[in-house]
Amino acid sequence: MKNKDNVLKLVISILMVVFGLLLLLDQLDIKYIDDFFTPWYTIVILFVTACLLTYAIVKKAPIIYVLSMLLAGIYLVISISTKVENLVVGKIIAIIPLFIGIGIVLADKICKWSPKAMRFGLITTVASAIVLVSTILDVWRYVIPAVVIMIGIAYILFGLFAIKQESKSKKENNDHYVTIEKEQTDEEPKKDNTEN
């Protein structure tokens, strides 16, 4: 446990040095750094994202994976909207739930969180990707209702499957006849089967 804490402190210290240098280079208007981190506070968002991801990996904390991916999605929305002219944030806002879904899938794969979490993460990721593409292509009016229907059908199927599994397990565990046997102790004499 103490070893994990030391690793976590070391990695976060290294991240502080790296992101401090990036922030300094950005403030000095170094060409590629300044272009990549516009506006400047995206460096802070990336730093917090990296720290959360480090914590999640070292401590195996599933919810922290989701938080780190949430911040990564926010970083991308801010970065893309400032770099692409005439791009409305509403067209790319689906990046955030997309990354949340990825975080849930990662948390389940790495930390063995829950099968329901995996399903939710996959559905969130796929639905967000479809909504993202449809808003960029301006066909969201038709696609978003279809996505809502698809999510509803998926959860109906999951519900029916869960009901079927539950009824199957109840049938297997339902014992109507119970026999009671008295345990034989060492002090009781063993009866011989040859006696009549």
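Quick caveat, the model's predicted, so the values are computed rather than measured.

Analysis parameters
- Residues numbered from 1 in each chain as written.
- Predicted model: local features only at pLDDT ≥ 70, side-chain atom pairs only at ≥ 80, totals over all residues.
- Heavy atoms only, no water.
- Helix = DSSP H or I, 4+ residues; strand = E, 2+ residues; numbered from the N terminus.
- Buried < 20%, exposed > 50% of the residue type's maximum accessible area, 1.4 Å probe, protein only.
- Contact = heavy atoms within 4.5 Å.
- Areas by Shrake-Rupley, 256 points an atom, 1.4 Å probe, with all protein chains shown as cover.
- Core = buried A, V, L, I, M, F, W, Y, C linked by side-chain atoms within 4.5 Å.
- Axes fitted to C-alpha atoms, helices over the stretch in contact; angles between N-to-C directions.
- Parallel < 35°, antiparallel > 145°, perpendicular 65-115°, else oblique.
- Left-handed = near helix turned anticlockwise from the far one by under 90°.
- Expected span 1.5 Å × (residues − 1).
- Phe/Tyr/Trp six-rings, centres within 6.5 Å; stacked < 30°, edge-to-face > 60°.
- Lys NZ or Arg CZ within 6 Å of the ring centre and 35° of its normal.
- Patch = residues over 30% accessible without salt bridge, like charges linked within 9 Å, V, L, I, M, F, W, Y side chains within 5 Å.
- Salt bridge = Lys/Arg side-chain N within 4 Å of Asp/Glu carboxyl O.
- Lys, Arg positive; Asp, Glu negative; His and termini not counted.
- Charge placed at Lys NZ, Arg CZ, Asp CG, Glu CD.
- Polar contact = N/O pair within 3.5 Å; in protein donor to acceptor, adjacent residues only side chain to side chain.

Novice: Can you break down the overall build of the protein residue by residue, with the values?
Specialist: Helix and strand counts for the protein stand at 8 helices and 0 strands. Counting from the amino terminus, the protein carries its helices and strands in the arrangement α-α-α-α-α-α-α-α. Residues classed as buried in the protein amount to 30% of the 196 residues present. For the protein, contacts bridging at least 24 residues in sequence account for 53% of all contacts bridging at least 6. Per element, the accessible surface of the protein, about 14200 Å² overall, is 67% carbon and sulfur.

Novice: Please provide a residue-by-residue account of the nonpolar core, values included.
Specialist: Generally speaking, a soluble globular protein has its nonpolar side chains buried in company with each other. Grouped together as the largest cluster of nonpolar side chains are 13 residues, with contacts concentrated most on Val-77, Ile-92, Ile-95, Phe-99 and Leu-132. Elements supplying a minimum of two residues to this core: α4 (62–83), α6 (95–111) and α7 (115–136). Ranked by residues supplied to this core, first place goes to α6 with 4 residues. If sequence neighbours within four positions are ignored, Leu-132 has contacts with Lys-91, Ile-92, Ala-94 and Ile-95.

Novice: How would you summarise the packing of helix α1 (residues 2–27) against helix α3 (residues 42–59) if you had to cite specific residues and measurements?
Specialist: Where α1 meets α3, the closest approach of the two axes is 10 Å, and the angle between their N-to-C directions is 165°. Our classification of the angle between α1 and α3 gives roughly antiparallel. Seen along the crossing, α1 lies across α3 with a hand that is right-handed. In contact with Lys-4, Asp-5, Val-7, Leu-8, Val-11, Ile-12, Leu-15, Met-16, Phe-19, Leu-22, Leu-23 and Asp-26 of α1, α3 contributes Ile-43, Leu-46, Phe-47, Ala-50, Cys-51, Thr-54, Tyr-55, Val-58 and Lys-59.

Novice: Pulling in residues and values, what's your account of α1?
Specialist: Spanning 26 residues, α1 covers 37 Å between terminal C-alpha atoms, matching the ideal 38 Å at 1.5 Å per step. Along α1, the residues classified as buried are Leu-8, Leu-15, Phe-19, Leu-22 and Asp-26.

Novice: Could you give an account of the packing of aromatic side chains, with specific residues and numbers?
Specialist: Enumeration over the complete set of coordinates arrives at 2 aromatic pairs. Relative to Phe-158, the ring of Tyr-155 has its centre 5.7 Å away and its plane inclined at 80°; by these criteria the two rings are edge-to-face. Note that Tyr-155 and Phe-158 are positioned in helix α8 (residues 140–173) at a spacing of 3 residues, about one turn of the helix. Accessibility expressed as a relative area gives 37% for Tyr-155, which makes it partly exposed. By relative accessible area, Phe-158 is classed as partly exposed at 27%. The lysine or arginine in question, Arg-119, covers the ring of Phe-158, its NZ or CZ lying 4.8 Å from the ring centre.

Novice: Can you lay out a positive patch on the surface for me, pointing to particular residues and giving the numbers?
Specialist: Side chains of Lys-4, Lys-60, Lys-109 and Lys-112 sit close together on the surface and give a patch of like positive charge. Among the secondary structure elements, Lys-60 is positioned in the loop between α3 and α4.

Novice: Which residues make up the environment of Thr-135, and what values go with them?
Specialist: Within the secondary structure, Thr-135 is located in helix α7. On a C-alpha basis, the gap between Thr-135 and Ile-93 in space is 9.3 Å, while along the polypeptide they are 42 residues apart. Sequence-distant contacts of Thr-135, defined by excluding residues within four places in its chain, comprise Lys-91 and Trp-140. Within the structure, the side chain of Thr-135 is placed 2.7 Å from the backbone oxygen of Lys-91, a separation counted as a polar contact.

Novice: Explain the pattern of salt bridges to me, using residue names and the numbers behind them.
Specialist: On inspection of all chains with the given rule, the structure shows 2 salt bridges. The residue Asp-5 makes a salt bridge to Lys-59 at a minimum N-O spacing of 2.4 Å. Taken as a pair, Asp-5 in helix α1 and Lys-59 in helix α3 lie far apart in primary sequence, 54 residues in all. Residue classification places Asp-5 among the partly exposed residues on the basis of a relative accessible area of 27%. A relative accessible area of 23% means that Lys-59 is categorised as partly exposed. Of the charged contacts, one joins Asp-138 and Lys-91 as a salt bridge, the two residues approaching to 3.0 Å between their closest N and O atoms.

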